[in-house]
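# Fold and geometry: a report
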Amino acid sequence: MKRRQLIKQLSALPLIGGLFTPGKVASAVLPDTVERRDYYKELGLRTFINAAGTYTALTGSLMKEAVLDAYHYASKQYVALDELQDKVGERLAQLIGCEAATVTAGAASAITLGTAGVLTGLDQEKASRIPTDLSGMKTEVIMQKSHVIGYAHALKNCGVKIVEVETRKELENAINEQTAMLWFLNANNFKGKIQYQEFIEVGKKYNLPIMNDAAADVPPVENLWKYTDMGFDLVCFSGGKGLRGPQSCGLLLGRKDLIAAARLSAPPRGDRVGRGMKVNKEEILAMLVAVEDYLKRDHDADWKLWEGQIRHIREKVSTAPGVEAKTHVPDIANHVPSLKIRWDQNKIKMTPDEVRQALRDGHPSIETVGGDESVDITTWMMNPGEERIVASTIYKILSKKS
Ligand SMILES: *Cc1c(COP(=O)(O)O)cnc(C)c1O
């Protein structure tokens, strides 16, 4: 279909008519002002109360006004991409208290770029050969079986092979001249046979860099510096989870030489594995401001707010006959007050899946998570006040079905 035909056809649709009318296309010559529009509504999209948490599929988190202001500010003038990364990286390293830092396109991108840097050092020619030709580079990354997750694919983007081990003995035996790096999944520290100190000890013993994926692991705020302080050479965080920066951002923190090496695989350089992981000036600046804002927050007040919200939902839904709601706080990742709602499925004839769907289909729509046993809730990604709607809606659904 020709573009003009498409525009004509679209503008005939009442719902999204405003979006594509030819008059709007011509408005480039008019002053650069905006009218308030309801874009999601124009597109016919469902918005929802996020009682789930920081999920990529649910678009992560909402940015604070200061972060949006930085985003807007950055969009008004040009800067050189590398110069901006240099300055923002320096500031981030100062603020967080690590040797060096850079803004990446998410924690997954931090993993890929950090790995690339470990493989190449400051050799541009090597960087241009990842992932198809690793000659002259090391090719293996070792991790514990209990630390293997889908996100480890971000390592494989560099063409490396993943070697899985369980015990310290297996780890030391697996190390050979092809070993590039040891990799650690922070959230699974307690699930592994080799925990922080011992894992780091082995890395140091064999002079191997160690990367820690701590993507979802603030709060608490001190985790931002805890792991580089511990001795991990590279640490990865998501920008759009607890930090509430742009969802397409992440942080790679750690050793100066390794961060500089990682940058060789990042844009603006074109022939590199990270070329598709571009972070624009708006996002880079917004990420910095998100970290500043996060460091300044009253974390105790945040915690009290979340606890109060969770208590409210727990108390309300527990009054429905046969319903039991329990508060818990995950040890490491998503370390926030959380609620598991269970019920006697002989009395209340609905599965957790059906309850989640009913919540999704309601007005307002509410997103929750959980498995076959429970509906799971966190409130940290909600707007304050929404916990009342969540509480009464869940109560209504569960008490009606008994
Ligand atoms: C979310 C997550 C990632 C990916 O983070 P992005 O910022 O979305 O790229 C990687 N590892 C773990 C453990 C995560 O939780």
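What comes next is a walk through the structure. Note that this is a predicted model, so its numbers are computed, not measured.

Parameters and conventions
Residues numbered from 1 in each chain as written. Predicted model: local features only at pLDDT ≥ 70, side-chain atom pairs only at ≥ 80, totals over all residues. Heavy atoms only, no water. Patch = residues over 30% accessible without salt bridge, like charges linked within 9 Å, V, L, I, M, F, W, Y side chains within 5 Å. Areas by Shrake-Rupley, 256 points an atom, 1.4 Å probe, with all protein chains shown as cover. Salt bridge = Lys/Arg side-chain N within 4 Å of Asp/Glu carboxyl O. Helix = DSSP H or I, 4+ residues; strand = E, 2+ residues; numbered from the N terminus. Buried < 20%, exposed > 50% of the residue type's maximum accessible area, 1.4 Å probe, protein only. Core = buried A, V, L, I, M, F, W, Y, C linked by side-chain atoms within 4.5 Å. Contact = heavy atoms within 4.5 Å. Pairing = 2+ DSSP bridges. Axes fitted to C-alpha atoms, helices over the stretch in contact; angles between N-to-C directions. Expected span 1.5 Å × (residues − 1). Arc of directions from axis to C-beta.

Another point: a nonpolar patch on the surface. On the surface, Tyr40, Leu43 and Leu45 cluster together into a nonpolar patch covering about 330 Å² of accessible area. Take Leu45: it is sitting in the loop between α4 (39-42) and β1 (48-50). Given the relative accessible area of 48%, Leu45 is considered partly exposed.

The next subject is the nonpolar core. With 50 residues, the main nonpolar core has Leu224, Tyr227, Phe232, Phe237 and Leu251 as its most contacted residues. Phe232 has contacts with Phe184, Tyr196, Ile200, Ile210, Met211, Asn212 and Tyr227, leaving out every residue within four places of it along the chain. Ile162, Ala180, Met211 and Leu252 belong to the second largest nonpolar core, which has 32 residues in total.

For the rest of this paragraph, the subject is the sheet that holds strand β10 (residues 338-343). The strands making up a sheet associate through hydrogen bonds between their backbones, and the pairing can be parallel or antiparallel. In space, the three strands of this open sheet follow the order β9-β10-β12, with antiparallel pairing throughout. Where the open sheet ends on each side, the last strands, each with one partner, are β9 (323-328) and β12 (375-378). On average, each strand axis in the sheet is tilted by 20° relative to the strand beside it, whichever way the strands run. Bridge analysis of β10 against β12 gives four bridges, and the strand direction is antiparallel. Paired with Lys340 across the strands is Asp376, a residue of β12.

Attention now goes to the environment of Ser146. By the secondary structure assignment, Ser146 is in the loop between β3 (140-144) and α9 (153-156). Residues contacting Ser146, with those up to four places away along its chain left out, are Asn188, Lys191 and Gly192.

For the rest of this paragraph, the subject is helix α17 (residues 386-400). With 15 residues, α17 ought to run about 21 Å at 1.5 Å a step, and its terminal C-alpha atoms sit 21 Å apart, in line with that. Every buried residue of α17 is listed here: Glu386, Glu387, Val390, Ala391, Ile394, Ile397 and Leu398. One face of α17 carries all of its buried residues, which in axial projection span an arc of 140°. Across from the buried face of α17, at angles greater than 90 degrees, the exposed residues are Arg388, Lys396 and Lys400.

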